[in-house]
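Coordinate analysis (summary)
Spelled out from the first residue to the last, the chains are:
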Amino acid sequence: MSTETMTRAEAAPAVLPVGRYGYDQIDRTFLRERIEQFRDQVNRRIAGDLTEEEFKPLRLMNGLYLQLHAYMLRVAVPYGTLGSKQVRALARIAREFDKGYGHFTTRQNIQFNWIKLEDTVAALEVLAEADMHAIQTSGNCIRNITSDEFAGAAKDELLDPRVHAEILRQWSTLHPEFTFLPRKFKFAISGSPHDRVVARFHDIGLIARPGPHGRPVFEVFVGGGLGRTPIVGVSLRDDLPEEDLLAYMEAILRVYNAHGRRDNIYKARIKILVQALGTDEFRRQVEEEFVAMDRARYRIEPGLVEAIKARFGAPAFAPAGEAVAVLAEDRRRDIAFDAWVRTNTHEHKAPGYISVVISLKPAGGIPGDATAEQLDLLADLADEFSFGELRVTHLQNVVLGHVRQDQLHTVWQRLSQAGLGTANVNFITDIVACPGLDYCALANARSIPIAQKLSSRFANLELQREIGDLRINISGCINACGHHHAAHLGILGVDKRGQEAFQITLGGSGEEDASIGQILGPAMAEDETVDAVSRLIDLYLVRRENGERFLDTYRRVGTAAFKDVVYAPA
Amino acid sequence: MPLLENGHPVEDTWRYAVESEALGAGDIIVPFDRLSEGLGRTEGRLGVVLPNSESVSTLKEALPKLALVVVTFPIFRDGRAFSQARALREHLHFTGKIRASGHILPDQYEFLLRCGVDSVEVSGNTDMAPWEQALRRFTIATQPSPVLDEKPTGFGLRRFLATP
Ligand code: HEM
Ligand code: SF4
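What counts, and where the lines are drawn
- Residues numbered from 1 in each chain as written.
- Chains lettered and ligands numbered in written order.
- Predicted model: local features only at pLDDT ≥ 70, side-chain atom pairs only at ≥ 80, totals over all residues.
- Heavy atoms only, no water.
- Helix = DSSP H or I, 4+ residues; strand = E, 2+ residues; numbered from the N terminus.
- Rg over C-alpha atoms; globule rule 2.2 N^0.38 Å.
- Buried < 20%, exposed > 50% of the residue type's maximum accessible area, 1.4 Å probe, protein only.
- Contact = heavy atoms within 4.5 Å.
- Areas by Shrake-Rupley, 256 points an atom, 1.4 Å probe, with all protein chains shown as cover.
- Lys, Arg positive; Asp, Glu negative; His and termini not counted.
- Charge placed at Lys NZ, Arg CZ, Asp CG, Glu CD.
- Near = heavy atom within 4 Å.
- Polar contact = N/O pair within 3.5 Å; in protein donor to acceptor, adjacent residues only side chain to side chain.
- Nonpolar A, V, L, I, M, F, W, Y, C, P; charged D, E, K, R; others polar.
- Core = buried A, V, L, I, M, F, W, Y, C linked by side-chain atoms within 4.5 Å.
- Pairing = 2+ DSSP bridges.
- Axes fitted to C-alpha atoms, helices over the stretch in contact; angles between N-to-C directions.
- Donors = N, O, S within 2.8 Å, 3.2 Å for Na, K, Ca; no water.
- 1 Å grid on protein atoms, 1.4 Å probe; cavity = no way out; pocket = protein on both sides within 12 Å on 5 of 7 lines; lining within 4 Å.
- Points joined across faces, edges and corners; volume = space filled by probe spheres on them.
- Buried area = accessible area lost by both parts, 1.4 Å probe.
- Salt bridge = Lys/Arg side-chain N within 4 Å of Asp/Glu carboxyl O.
- pLDDT = per-residue confidence, 0-100.
- Parallel < 35°, antiparallel > 145°, perpendicular 65-115°, else oblique.
- UniProt positions renumbered as here; feature names shortened; annotations may be inferred.
- Domains from an automatic or database assignment.
- Right-handed = clockwise from strand over helix to strand, strands pointing away.
- Phe/Tyr/Trp six-rings, centres within 6.5 Å; stacked < 30°, edge-to-face > 60°.
- Lys NZ or Arg CZ within 6 Å of the ring centre and 35° of its normal.

Moving on to the overall build of chain B. Per the secondary structure count, chain B includes 4 helices and 11 strands. For chain B, whose C-alpha radius of gyration is 16 Å, the value lies close to the compact-globule estimate of 15 Å for 164 residues. Considering chain B as a whole, with its 164 residues, one finds that 54% of them fall into the buried category. The long-range share in chain B, meaning contacts at least 24 apart out of those at least 6 apart in sequence, stands at 47%. Here chain B has roughly 7300 Å² of accessible surface; of this, 53% comes from carbon and sulfur atoms. Here chain B contributes 18 positively and 21 negatively charged side chains, and the mean placements of these two sets differ by 7 Å.

Residues and elements named next belong to chain A. Around ligand 1 there are 19 residues in total, and T105, K184, L226, R269 and C481 lie nearest to it. In the model, an oxygen atom of ligand 1 is placed 3.0 Å from a nitrogen or oxygen of the K186 side chain. Between R269 and ligand 1, the recorded distance is 2.9 Å, taken from a side-chain N or O atom to an oxygen atom. The class makeup of the residues in the shell around ligand 1 is 6 nonpolar, 7 polar and 6 charged.

A general trend in soluble globular proteins is that nonpolar side chains are found buried together. Residue and element names in this part refer to chain A. With 157 residues, the main nonpolar core has F187, M249 and I252 as its most contacted residues. Of the residues forming this core, the biggest block, 10 residues, is contributed by helix α7 (residues 245–259). Judged by nonpolar contacts, the second largest core, of 30 residues, contains F458, I537, Y540 and F562.

In this section: the sheet that holds strand β2 (residues 71–75) of chain A. Residue and element names in this part refer to chain A. Across the sheet, which stays open at both edges, the 5 strands sit in the order β1-β2-β5-β4-β13 with antiparallel pairing between neighbours. Looking at strand neighbours, the two that pair on one side only are β1 (64–66) and β13 (369–371), the edges of this open sheet. Taking each pair of neighbouring strands and ignoring which way they run, the sheet shows an average axis angle of 30°. Sheet topology note: the β2/strand β5 (residues 110–115) ladder contains 4 bridges and is antiparallel. Within the sheet, the bridge partner assigned to L73 lies in β5 and is F112.

Turning our attention to the coordination of the iron atom of ligand 1. Between any two of four tetrahedral donors, the ideal angle at the metal is 109.5 degrees; between two of six octahedral donors, it is 90 or 180 degrees. Among all protein atoms, only C481(A) (SG) binds the iron atom of ligand 1, sitting 2.1 Å from it. Its place among the elements puts C481(A) in the loop between β17 (472–475) and β18 (489–496).

Our next topic: empty space enclosed by the protein. Gaps left between atoms are located by rolling a probe of water-molecule size over the structure's atoms. Taken as a whole and assessed by the stated rule, the structure comprises 7 cavities of 30 Å³ or more. Considering only enclosed or pocket space, the largest cavity measures out at about 170 Å³ in volume. Considering the residues around the largest cavity, the lining is formed by 17 residues, among which Q37(A), Q41(A), L58(A), M61(A) and D107(B) are closest to the centre. Contributions of two or more residues to the lining of the largest cavity are made by α2 (25–46) and α3 (52–60) of chain A together with α3 (109–114) of chain B. Take the lining of the largest cavity: its biggest share by element is 3 residues, from α2(A).

What follows deals with the interface of chain B and chain A. Tallying the contact residues gives 36 residues for chain B and 43 residues for chain A. Summed over both sides, the interface of chain B with chain A buries roughly 3400 Å², with 56% coming from carbon and sulfur. Put simply, R158(B) and D27(A) hold a salt bridge, and the shortest N to O gap is 2.7 Å. The interface formed by chain B and chain A includes 25 residue pairs in polar contact (both at pLDDT 80 or more).

Right, let's talk about the site of ligand 2 for a bit. For ligand 2, the full set of nearby residues is C434(A), P435(A), G436(A), C440(A), L442(A), A443(A), S475(A), G476(A), C477(A), N479(A), A480(A) and C481(A). A per-class count over the shell around ligand 2 returns 8 nonpolar, 4 polar and no charged.

In this section: the confidence of the model for chain B. For chain B, per-residue confidence averages 93 on the pLDDT scale, and residues scoring 70 or more make up 99% of the total. Complex prediction metrics read pTM 0.92 and ipTM 0.96.

Residue and element names in this part refer to chain A. One can describe the packing of helix α8 (residues 270–277) onto helix α9 (residues 279–292) by two numbers: an axis separation of 6 Å at closest approach and a directional angle of 110°. Considering their axes alone, α8 and α9 lie roughly perpendicular with respect to each other. Along its contact with α8, which presents I270, L273, V274 and L277, the element α9 presents T279, E281, F282 and Q285.

Time to look at the UniProt feature "domain: Nitrite/sulphite reductase 4Fe-4S" (unreviewed entry) in chain A. Residues and elements named next belong to chain A. Under the feature "domain: Nitrite/sulphite reductase 4Fe-4S" (unreviewed entry), the UniProt entry names residues 138–290 and 427–566. In residues 138–290, helix accounts for 30% and strand for 18%; the two terminal C-alpha atoms are 28 Å from one another. Secondary structure content for residues 427–566 is 36% helix and 17% strand, and the end C-alpha separation is 21 Å.

With that out of the way, let us pick up the domain arrangement of chain A. Residues and elements named next belong to chain A. Domain parsing of chain A yields domain 1 (17–129), domain 2 (146–310), domain 3 (322–418) and domain 4 (432–567). Put simply, the middle of domain 2 and the middle of domain 3, counted by C-alpha atoms, are 32 Å apart. With 11 residues of domain 2 in contact, the opposing surface of domain 3 contributes 14 residues. Buried area between domain 2 and domain 3, both sides added, is near 1100 Å², and the carbon and sulfur share of it is 54%. One can count 3 salt bridges joining domain 2 with domain 3. Between E157 and K349 there is a salt bridge whose closest N-O contact spans 3.1 Å. There are 8 residue pairs in polar contact (both at pLDDT 80 or more) connecting domain 2 and domain 3. In the side of domain 2 that touches domain 3, the residues fall into 5 nonpolar, 1 polar and 5 charged.

As a further point, take the pairing of strand β7 (residues 187–190) of chain A. Residue and element names in this part refer to chain A. Judged by which residues are buried, β7 turns out to be covered on both faces: F187 and I189 on one side and A188 and S190 on the other are all buried. Pairing analysis gives 2 bridges linking strand β6 (residues 146–147) to β7, with the strands arranged parallel. Residue pairing across strands places T146 opposite A188, the latter belonging to β7. Between the parallel elements β6 and β7, the chain passes through helix α6 (residues 162–172) in a crossover that is left-handed. Across 4 bridges, the pairing between β7 and strand β8 (residues 204–210) is parallel. By the bridge assignment for β8, S190 is matched with I207.

What follows concerns the pattern of salt bridges. Under the criterion given, the structure shown has 69 salt bridges over all chains. Between D376(A) and R95(A) there is a salt bridge; the shortest N-O distance is 2.6 Å. Of this pair, D376(A) sits in helix α14 (residues 372–385) while R95(A) sits in helix α4 (residues 84–97), placing them 281 residues apart in sequence. Because the salt bridges share partners, they merge into one network encompassing E177(A), E250(A), R254(A), E289(A), R86(B) and E90(B).

The next thing to look at is the packing of aromatic side chains. Per the stated rule, a full pass over the model turns up 22 aromatic pairs over all chains. Measuring from centroid to centroid gives 6.3 Å for F180(A) and F76(B), while their planes differ by 80°, and the two rings are edge-to-face. Here the residue F180(A) occupies a position in the loop between α6 and β7, and F76(B) occupies one in the loop between β6 (68–73) and α2 (80–90), the pair thus bridging two chains. Among the residues examined, F180(A) registers a relative accessible area of 10% and is labelled buried. A network of ring pairs unites the aromatic residues W171(A), F178(A), F185(A), F187(A) and Y256(A) as a single cluster. The ring of Y266(A) has R228(A) lying over it, and the distance from NZ or CZ to the ring centre is 3.7 Å. Stacked on the ring of F155(B), the Lys or Arg R158(B) has its end atom at 4.7 Å from the ring centre.

Shown next as structure tokens:
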């Protein structure tokens, strides 16, 4: 950390962090005790008192994976919200313990791919100083609760889901009953009818809205998932009252813990149980447990919610003033800026404000990677323009939630100078990719080079604007960490007689119209795949009607034409 | 096999029934499929081993006559016994002893206790230090135990852990 940032961090008044729960001494003690435990375990491993076999479950509890070349540390970013001080801590870890960069993931976390075992405790201490940790970022437990990257900001939002995400975070952290489930368990929660959290592809997806008495109610989706058996989750309840949120979640997890399969890891997720029992029978079992519970014990009183909410800092929005007019004028004067505003911003609920998506997908770049210098810049921008708050998106970008419209041009200039001004959000080069064979021990193929090739092929921004919204997601194997099934155009790395090859899937979506992409045909080599994508795009441009997106044209026209253009070129 | 209670080894006054031998007198733990035989006995206290694939409700009738239920971990990763212990306490209001046996890590000790388990069987050559430490090391949890009444920390879900 430079002396300058040090002074800034120390000089910061002890106010609550905007957009996330502010730790108190009790939370810090909790973390400290867990780190001491991990320090012991690492020391026992280094001394040889623990074998790698015995160490494995212990390190996984702290987010430490053994990858192809090194240990990987996955840091939890609860509901994707980070403070500037935390971002600087991440930059410091990238600089001191990694090779100068970190990788944002599709579950709003950040991974460091080159951590040495001897350094892990020191890295966890840097995290703890910034109220962060890596607990439950792996293992068969409830993982990081993800949420909407525009939470608390989006104009279409009905309520900020992060207070309930925090309640779920606390409840699920080292939960005594649910830390050794049949398989990992992923929650997502949104407070907007527009699903930006992929709720229907999670073990549990929650959509919150205000209820009749002013307290929130939740729609509960269960049993969605990707991996080798992609399944769209089913709606278990539409009207779960806030006070029963934890009771109902416990009931679902109890049924899963008792009956989820443990004989085959490929069939161990809750989605398989829900499918095997059928939605009605699964719901019946959950209800049976739910009514048997002493609900008073699990009730979330409004007072508890308010007390947690009181630990969240709220942004103090200034009156709009001339901000809207200034932005309009800036856009009129600067075409490149205008193009960026069109793609990389999102409507804000407060007049005069706007949310900014910072693309971590420069032409030819590695999706989701950020260098230590970029992280520091993001922290500075968050401090100067967005109440010190930053969000990670499940599409591997970063969001400044609350920027005043009259400052947007300055923000864009600063981003552009650092190579972070790419105007491609939701375009064909806004690619999501898992780490793949460059890092991951389970991979069949490298995800990153093909992402880079596609990104270079379509680098021309005018062409990208012409193509419009198109989601490409790439996974290096069937585990689907890159969400390829949920992409309009998905790419899956497979092993074809010992060679890396890629399958294309078309027609997936992770939003309200959730659907699973269908495999187009046999896998191809990397360059052939890139060419095939070009031909698919050409066909779409010819066939589209009235401003259709690629996905809409595909759904209307059907698979055959797209298949022909790839496998039977004229 | 040493038995741990409150982080310390204690004397085990129970014995396990031996296959194809009569149960005899004294405190005895029977396998699940010999439960009715055990219930028919008149002298000594009775315990039963609950396989982790069984629902605790199968013990509902027998429970008033049971002083001990043993929940099992074929491997530490198989966490069904946590739910069974919790359900015995929460739904069936079992007040006897719950013992955990099988493949268990010291790092799971805290979770077992918070689900209502009292004692843990550990193998003969186990280093006791990590078990004892596991109890002393932690003072805070971020959610209430499903069965214990732990002291709240002031607001929210957090609880102070009871240190023995
Ligand atoms: C690099 C090492 C990684 C390994 C070894 C790994 C392993 C796995 C495995 C085995 C699955 C399949 C689980 C199942 O369906 O039961 C999976 C799914 C998944 N992982 Fe990873 N993963 C890695 C990296 C990542 C990254 C970087 C992310 C982003 C946070 C991620 C997020 C996901 C997601 C979203 C899924 C699929 C969705 C679902 O849960 O159904 N993984 N991963
Ligand atoms: S999808 Fe496969 S290759 Fe990619 S990170 Fe997940 S496990 Fe590794």
